[in-house]
Amino acid sequence: METFPTTLDSVRLIKPPTIFEDFRGHYVETYNERLYREAGIDQHFIQDDISVSRRHVLRGIHGDDKTWKLISCLQGSFYMVVINNDPQSPQYRKWTSFTLSESNRLQVLVPPKFGNGHVVMSEQAIFHYKQTTDYDRSGQFTLVWNDPALNLWWPVQNPIVSERDQGR
């Protein structure tokens, strides 16, 4: 297992402990508590969720003040952004981006007070995340994906976006 620092403090890029491919297909160990703890990732994950979306659907940018998320792509590919939304941080409103896919099998660890969003680049993608708290939409913040103040770059000009993610 390998972990890599990113330009945002506490956000880490992770190569899972086991990735195996042969003529039969693929095998990926997406989480092993002992190995993750040995790598300094000692959050206790209590819930797993997935979202399945089609090409050019953009979900997010969402976050809250208490939840750690471990994000991966089970099928397809998506481009994701992570934004520091902690007004007390010197990196407030700084962001970084990643492409996660079934090919690279990378994961992103997103801390509390950070928002994340993604847009699907393949025909369909399965977005998977483990989280350290129960889902609580009422405690979440939403940042508008195309807010000019954030100056985000997205690979799609006119994504398919929910009313919530449009700021309505």
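Going by the structure above, here's the rest.
For clarity, every value in this text was computed on a predicted model and none was experimentally measured. (Residues numbered from 1 in each chain as written. Predicted model: local features only at pLDDT ≥ 70, side-chain atom pairs only at ≥ 80, totals over all residues. Heavy atoms only, no water.)

Q: I would appreciate a short explanation of the overall build of the chain in the present structure.
A: From N to C terminus, the chain includes one helix and 14 strands. By principal-axis analysis of the C-alpha atoms, the chain measures approximately 45 × 35 × 30 Å. Burial analysis of the chain (168 residues in total) assigns 48% to the buried set. Nonlocal contacts in the chain, meaning residues at least 24 apart in sequence, comprise 75% of its contacts between residues at least 6 apart. Split by element, the accessible area of the chain, about 9000 Å² in all, is 46% carbon and sulfur. A distance of 3 Å separates the average location of the 18 positive side-chain charges in the chain from that of its 20 negative side-chain charges. (Helix = DSSP H or I, 4+ residues; strand = E, 2+ residues; numbered from the N terminus. Buried < 20%, exposed > 50% of the residue type's maximum accessible area, 1.4 Å probe, protein only. Contact = heavy atoms within 4.5 Å. Areas by Shrake-Rupley, 256 points an atom, 1.4 Å probe, with all protein chains shown as cover. Lys, Arg positive; Asp, Glu negative; His and termini not counted. Charge placed at Lys NZ, Arg CZ, Asp CG, Glu CD.)

Q: Looking at this structure, I do not really get the layout of surface pockets. What am I missing?
A: A probe matching the size of a water molecule, rolled over the atoms, marks out where space remains unfilled. Considered as a void within the structure, the largest pocket measures approximately 450 Å³ in volume. Looking at the largest pocket, it is lined by 27 residues, and the ones nearest its centre are R59, H62, Y129, Y135 and Q140. Of all the secondary structure elements, the ones that give two or more residues to the lining of the largest pocket are β5 (47–54), β6 (57–63), β7 (69–75), β11 (114–120) and β12 (124–131). Here the lining of the largest pocket gets six residues from one element, more than from any other, and that element is β6. Split by residue class, the lining of the largest pocket holds seven nonpolar, 12 polar and eight charged. (1 Å grid on protein atoms, 1.4 Å probe; cavity = no way out; pocket = protein on both sides within 12 Å on 5 of 7 lines; lining within 4 Å. Points joined across faces, edges and corners; volume = space filled by probe spheres on them. Nonpolar A, V, L, I, M, F, W, Y, C, P; charged D, E, K, R; others polar.)

Q: Before we go on, may I ask you to explain the nonpolar core in this structure?
A: Formed by 18 residues in total, the largest nonpolar core has its most connected members in I71, F78, M80, V82, F98, L100 and V108. Mapped by element, the contributors of at least two residues to this core are β7, β8 (77–84), β9 (95–101), β10 (107–110), β11 and β12. Residues contacting F98, with those up to four places away along its chain left out, are T6, V11, L13, F78, Y79, M80, V82 and V108. One finds I83, L152, W154 and V156 within the second-largest nonpolar core, a separate group that totals 14 residues. (Core = buried A, V, L, I, M, F, W, Y, C linked by side-chain atoms within 4.5 Å.)

Q: Would you mind going over the pairing of strand β4 (residues 25–29) with me for this structure?
A: As a general feature of sheets, a regular strand has side chains that alternate between the two faces. One ladder, built from five bridges, connects strand β3 (residues 18–22) with β4; its direction is antiparallel. Its bridge partner being in β4, I19 is matched across the sheet by V28. Hairpin connection between β3 and β4: a loop of two residues separates the two successive antiparallel strands. (Pairing = 2+ DSSP bridges.)

Q: So what exactly am I meant to see when it comes to the pairing of β5 here?
A: Side chains Q47, D49, S51 and S53 of β5 all project onto a buried face; the interleaved residues D48, I50, V52 and R54 project onto a face where none is buried. Summarising the sheet, β5 and β12 pair through eight bridges and their orientation is antiparallel. Residue pairing across strands places S53 opposite A125, the latter belonging to β12.

Q: Even after reading the chapter, I still don't get the packing of aromatic side chains, so can you show me in this structure?
A: Describing an aromatic ring pair means giving the distance of the ring centres and the angle of the ring planes. What the rule picks out here adds up to seven aromatic pairs. Their ring planes at 45° and their centres at 4.8 Å tell us that Y31 and Y36 sit as a pair that is tilted. Its relative accessible area of 21% is what places Y31 among the partly exposed residues. With a relative accessible area of 0%, Y36 lands in the buried category. Here the aromatic rings of Y79 and W153 are separated by 5.4 Å at their centres, their planes lie at 85°, and the arrangement is edge-to-face. In this pair, Y79 sits in strand β8 while W153 sits in the loop between β13 (141–142) and β14 (160–161), placing the two residues 74 residues apart along the sequence. For Y79, a relative accessible area of 7% gives the class buried. (Phe/Tyr/Trp six-rings, centres within 6.5 Å; stacked < 30°, edge-to-face > 60°.)

Q: Would you mind showing me how to read the sheet that holds β10 here?
A: One key point about sheets: their strands pair by backbone hydrogen bonds, in either a parallel or an antiparallel sense. Spatially, six strands are ordered β1-β2-β10-β7-β12-β5 in an open sheet, and the strand pairing comes out antiparallel. A single partner strand is all that each edge strand has here, and the edge strands are β1 (2–5) and β5. Direction aside, the axes of adjacent strands within the sheet are offset by 25° on average. (Axes fitted to C-alpha atoms, helices over the stretch in contact; angles between N-to-C directions.)

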